[in-house]
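The residues making up each chain are set out below.
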Amino acid sequence: MKPTTTLRSGSRQLRLPLLPMTLLLVSTSISSHAASFFVTNHHCLNHNSHFIHQCRGSSQQSLIGYPPVNRRPSRQKPSCHAAVNNSLCRKSSNSDNAESASRATTAANTTSKATISQKDILHLKQAAQIARIGYGNTFPNPAVGCLLVRHTHTNPDENDDDKDTVLGSGFHPKAGMPHAEIFALFQACGYVHDGVAAARSVMRQDEDYNSNNDGKDEPLGKNNDDEDETREMRRKVRELLDGYKSGGGASTLFANRLSKDIVSGHQHDGNVVTAYVTLEPCCHYGQTPPCALSLVTAGVNRVVVGYRDPNPRVDGGGIQLLRDAGVDVHIIGGESGEKFSSKEERQVGKMCADLVKYFVKRISPNRSAVGKSDLDESISGAKRRALRQIAGRKKTEGTMPEVEWPREKQSNENDNDMDHLNNLQIPTRFLESVDNALWDHELVLLRLNNVVKKKKGAKILGERVAEAINGHVAQVLGHTVLVYRPGLPVVLDLDDIVAGGVDVGGIE
């Protein structure tokens, strides 16, 4: 006889066989909209495993390069397979089940109308404004903002601001750092006093520069009286990040923290916690654990998503994970992202979409599966001459898009020092500016006189930049580098131009 286990919720029970490496998610109806979900796994009870969420369409691909997928992301719900995080990989106690059931019941009873309220729009707009702080610094990742709000009234549609409490806020500061949801959770769970300040502290720490709201750079230590506090905040964030990335880190840091008062430890009965996120929470492991799991673990009842993530590694998987856990999820524009109930909802939807406009192009499966080496091979001498002619005409007209190497990143090193040029850190903001300009114009002139002294140095650094954004170096002239990359959709049809179908004019 095969070994079995019994799952119970109140008077209900179900006997199931234990299957090694199998995740069993059993939903027991509590009301027409509420569910308590249980997790058990025979193998992981004795195995220190991580949560590995493999969404449909997932592959080992670079977000910078052309994804090896040449199909349109399906709008069907992904089929996600999971081996549960060590923190959830245990038999739930009766109290855990009760808390899970309570969260699901509260969310279902208070948001069953499945509408986006005016207050939802205002909160999501604030999250989008917060996301703008990190915009341009997250390449190759998207800029994302998050706001966690506790509603102490019985209906989130009520227009009573006094009954809404912002628990935490955050944004994604740069690749490799926690996502927006996690910085918001750091604040909401009492680990930092301000999630936005925590994200700011690490936004450009590797370059020892901080960015203000105007997008200008201020060196730390100059006109900054809070340098010591900033350094301490950085240390704290690094410490939290190490814990978060460790096995069971999400559970250790966040388990049911939003279901109870941080100070008294008393249960919050009847309250709803909504996460307002500009982009669908991730459901996969990257450099950090999945945000959707962390929101569930912390006790979030409801999530309002500004834009569905088209990344094939997510593509609805985060939303499905949340819903499977009993979380009430609403998407701006509805499931299709195109059905807005009001002008205000359409406006906030556009704000969220604009944040990820270029990210969507970078990861779109509609792009040709062509890497830099393939692009280089496809550019013949005739096509290269055509690109130079187009650039010459644009220079004459004063319409040539240019991106200049940041002045504060000047280098006094000798261009003959190959190790220096090959190891020189390329500023993230510079890379993202080049990437965005190429999507808009396909042909961009890089001005590198702030960092190199000779054409040789410009050639080496130009190739490195082109490698990072999958572009082609069409010309190196003095301290300038002409970079080309086809857009989405393609604007410059080089085959047609070379065949004589288009008069490029200008000078070579």
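Located above this text is the structure these notes cover.
Not measured: the values here are computed from a predicted model.

This part takes up helix H7 (residues 291–298). For an α-helix, 3.6 residues make a turn, and residues three or four places apart therefore share a direction. Extensive coverage of H7 is indicated by the burial of eight of its eight residues. Taken from the residues just after H7, Gly 299 is the one with a positive phi, measuring 105°.

Further remarks concern the nonpolar core. Ranked by internal contacts, the top residues of the largest apolar core, which has 70 residues, are Leu 148, Phe 254, Leu 258 and Val 303. The element contributing the most residues to this core is helix H3 (residues 180–188), with seven residues. Formed by 27 residues, the second largest nonpolar core is a distinct cluster that contains Val 403, Ile 426, Leu 438 and Val 473.

Quick look at the pattern of salt bridges now. Using the criterion set out here, one finds 15 salt bridges in the structure. Among the salt bridges present, the one from Arg 308 reaches Asp 315, with a minimum N-O distance of 3.7 Å. Pair check on accessibility: Arg 308 and Asp 315 agree, each one buried. The network of salt bridges with shared partners includes Glu 232, Arg 235, Lys 236 and Glu 239.

Between Phe 139 and Pro 140 the backbone carries a cis peptide bond, its omega angle lying at 5°. In this structure, Pro 140 sits in the loop between helix H2 (118–131) and strand S7 (145–151). Residues other than glycine seldom take positive phi values, yet Asp 315 does so here, at roughly 45°. Tracing the backbone shows Asp 315 in the loop between strand S12 (302–305) and helix H8 (317–324). By relative accessible area, Asp 315 is classed as buried at 1%. The backbone of Asn 470 sits at a positive phi, close to 60°, despite the residue not being glycine. Examined against the element boundaries, Asn 470 turns out to sit in the loop between helix H15 (455–469) and strand S16 (472–477).

Inspection of the secondary structure puts Asn 422 in helix H13 (residues 418–423). Linking Asn 422 and Gly 457, residues 35 residues apart in sequence, is a C-alpha distance of 9.8 Å. Excluding residues within four positions of it along the chain, Asn 422 makes contact with Ile 460 and Arg 464.

This part takes up the packing of aromatic side chains. Taken as a whole and judged by the stated rule, the model has four aromatic pairs. Their ring planes at 80° and their centres at 5.9 Å tell us that Phe 183 and Phe 186 sit as a pair that is edge-to-face. With Phe 183 and Phe 186 both in helix H3 and three residues apart, this pair spans about one turn of that helix. Judged on exposure class, the residue Phe 183 and its partner Phe 186 are both buried.

A few words on the pairing of S16. Of all six residues in S16, five are buried; the element is thus mostly enclosed. Connecting S16 to the next strand, strand S17 (residues 480–484), in antiparallel fashion are two residues, including Gly 478 with a positive phi near 65°.

Across the sheet, four strands lie side by side as S14-S15-S17-S16; this open sheet has mixed pairing. With partners counted over all chains shown, the strands left at the sheet margins are strand S14 (402–404) and S16, one partner each. Taken over all neighbouring pairs, the strand axes of this sheet differ in orientation by 25° on average, direction set aside. Sheet topology note: the S14/strand S15 (residues 443–447) ladder contains three bridges and is parallel.

Our next topic: the sheet that holds strand S13 (residues 328–331). Spatially, the five strands line up as an open sheet ordered S8-S7-S11-S12-S13, and their pairing is mixed. Strands at the two margins of the open sheet, each flanked by one partner only, are strand S8 (164–171) and S13. Between one strand axis and the next, the sheet turns through 15° on average, direction left out of account. As paired elements, S7 and S8 share seven bridges and run antiparallel to each other. By the bridge assignment for S8, Gly 145 is matched with Phe 171. Across the sheet, H3 lies against S7, S8 and strand S11 (272–277), angled at about 135° from S8, the strand it touches most.

This part is about the pairing of S12. Residues Arg 302 and Val 304 point to one face of S12 and Val 303 and Val 305 to the other, with burial holding for every one of them. Across four bridges, the pairing between S11 and S12 is parallel. Looking at S12, one finds that Tyr 276 is bridged to Val 304. The parallel pair S11 and S12, bridged by H7, forms a crossover whose chirality is right-handed. Relative to S13, S12 runs parallel, the two being bridged by four bridges. Bridge pairing in S13 places Val 305 opposite Ile 331. Regarding the hand of the β-α-β motif, the stretch spanning S12, H8 and S13 is right-handed.

Conventions we followed
- Residues numbered from 1 in each chain as written.
- Predicted model: local features only at pLDDT ≥ 70, side-chain atom pairs only at ≥ 80, totals over all residues.
- Heavy atoms only, no water.
- Buried < 20%, exposed > 50% of the residue type's maximum accessible area, 1.4 Å probe, protein only.
- Helix = DSSP H or I, 4+ residues; strand = E, 2+ residues; numbered from the N terminus.
- Core = buried A, V, L, I, M, F, W, Y, C linked by side-chain atoms within 4.5 Å.
- Salt bridge = Lys/Arg side-chain N within 4 Å of Asp/Glu carboxyl O.
- Contact = heavy atoms within 4.5 Å.
- Phe/Tyr/Trp six-rings, centres within 6.5 Å; stacked < 30°, edge-to-face > 60°.
- Pairing = 2+ DSSP bridges.
- Axes fitted to C-alpha atoms, helices over the stretch in contact; angles between N-to-C directions.
- Right-handed = clockwise from strand over helix to strand, strands pointing away.

Treat this as a map of the structure, not an account of what it does.
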